[in-house]
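# Observations on chain architecture
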Amino acid sequence: MNQNTIITISRQYGSGGRIVAQKLAEALNIPFYDNELITLAAEKTGLSVECFKDAEKTSIGNLFFSLTSLTPSLDSVGLPLNEKIFLVQSQVIKEVAAEGPCVIVGRSANHVLQDNPNVINVFLQADLPDRVKRAIDTYGQDAEGAEAMVIKTDKRRANYYNYFTGEKWGKAENYDLILNTSRMDLDKIVEVIKTYVSLR
């Protein structure tokens, strides 16, 4: 593995993407970033972690209001809250990537780091029944309405990604490797990614 390799993991909800990312980071002995990015961004701006989490969970159209408590260097007059949060998270992503190899989950990291030659972008998907089952069995979602929640979560992720990047979430051209986790268990998925990384 290139000593500066950054691996981004984008994923459908319920595909096991976060689990794969954690296992991959452990196997490669490199840092893992998911919610840690929110914590770092919150520390940088002085905003609460809940503010960032709420912004990610709220639809794009409902977040268009201004905020003045961001740090001066990041506070662009007139920008809505969600755009400011995206800029802060993007800066944090670039900073952790500059520190060395790591695995980053979600948050449009593949787009944010598109000019970094050391980035490998992975997209994980799975068949809907398997995603619903994992949402119930692993993530503790209530069985009633689980399928609707999985579909809604992916729609929200797609809208977020498409809005901020101008690209299409899950489109093959935006990733180096796309894997269906319904086809093999997650440990084998980790091995496939490790092999790909080693051959790059």
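Preceding block: the structure.
What you are looking at is a predicted structure, and each value in this text was computed from that prediction instead of being measured.

### With respect to the overall build of the protein chain
Along the backbone of the protein chain there are eight helices and five strands. Along its sequence from the N terminus, the protein chain presents helices and strands in the succession β-α-β-α-α-α-β-α-β-α-α-β-α. For the protein chain, buried positions account for 47% of its 200 residues. Residue pairs at least 24 apart in sequence account for 67% of intrachain contacts in the protein chain once pairs closer than 6 positions are excluded. When the accessible area of the protein chain is evaluated, it comes to approximately 10000 Å², of which 49% is carbon and sulfur surface.

### What to know about the nonpolar core
Burial of nonpolar side chains together is a common tendency in soluble globular proteins. Within the largest apolar cluster, 20 residues are counted, with the highest numbers of intra-cluster contacts made by I9, V103, V122 and I193. Of all the secondary structure elements, the ones that give two or more residues to this core are β1 (6–11), α1 (17–28), β3 (102–105), β4 (119–125), β5 (177–180) and α8 (186–199). Per-element tally for this core: the top contributor is α8, with five residues. V122 has contacts with I7, T8, I9, S10, Y175, L177 and I193, leaving out every residue within four places of it along the chain. Grouped together as the second largest cluster of nonpolar side chains are 15 residues, I93, A97, C102 and V119 included.

### Observations concerning the environment of I193
Examined against the element boundaries, I193 turns out to sit in helix α8. If we skip the residues at most four places from it in the chain, I193 touches I9, V20, L24, V122, L177 and L179.

### A few points about helix α6 (residues 128–137)
R131, V132, R134 and A135 are the residues of α6 that are buried. Along the long axis of α6, the arc covered by the buried residues comes to 165°, so they all point the same way. Structural note: α6 exposes P129, K133 and D137 on the side pointing more than 90 degrees away from its buried face. Residues of α6 that are buried in the fold lie against α7 (146–165) and α8.

### Structural notes on the packing of α1 against α8
The N-to-C vectors of α1 and α8 enclose an angle of 55°; their axes lie 9 Å apart at closest approach. Judged by the inter-axis angle, α1 sits oblique to α8. By crossing handedness, the relation of α1 to α8 is classed as right-handed. Residues I19, V20, K23, L24, A27 and L28 of α1 touch α8, and the partners they reach there are L186, D187, I189, V190, I193 and K194.

Reading the values: rules and limits
Residues numbered from 1 in each chain as written. Predicted model: local features only at pLDDT ≥ 70, side-chain atom pairs only at ≥ 80, totals over all residues. Heavy atoms only, no water. Helix = DSSP H or I, 4+ residues; strand = E, 2+ residues; numbered from the N terminus. Buried < 20%, exposed > 50% of the residue type's maximum accessible area, 1.4 Å probe, protein only. Contact = heavy atoms within 4.5 Å. Areas by Shrake-Rupley, 256 points an atom, 1.4 Å probe, with all protein chains shown as cover. Core = buried A, V, L, I, M, F, W, Y, C linked by side-chain atoms within 4.5 Å. Arc of directions from axis to C-beta. Axes fitted to C-alpha atoms, helices over the stretch in contact; angles between N-to-C directions. Parallel < 35°, antiparallel > 145°, perpendicular 65-115°, else oblique. Left-handed = near helix turned anticlockwise from the far one by under 90°.

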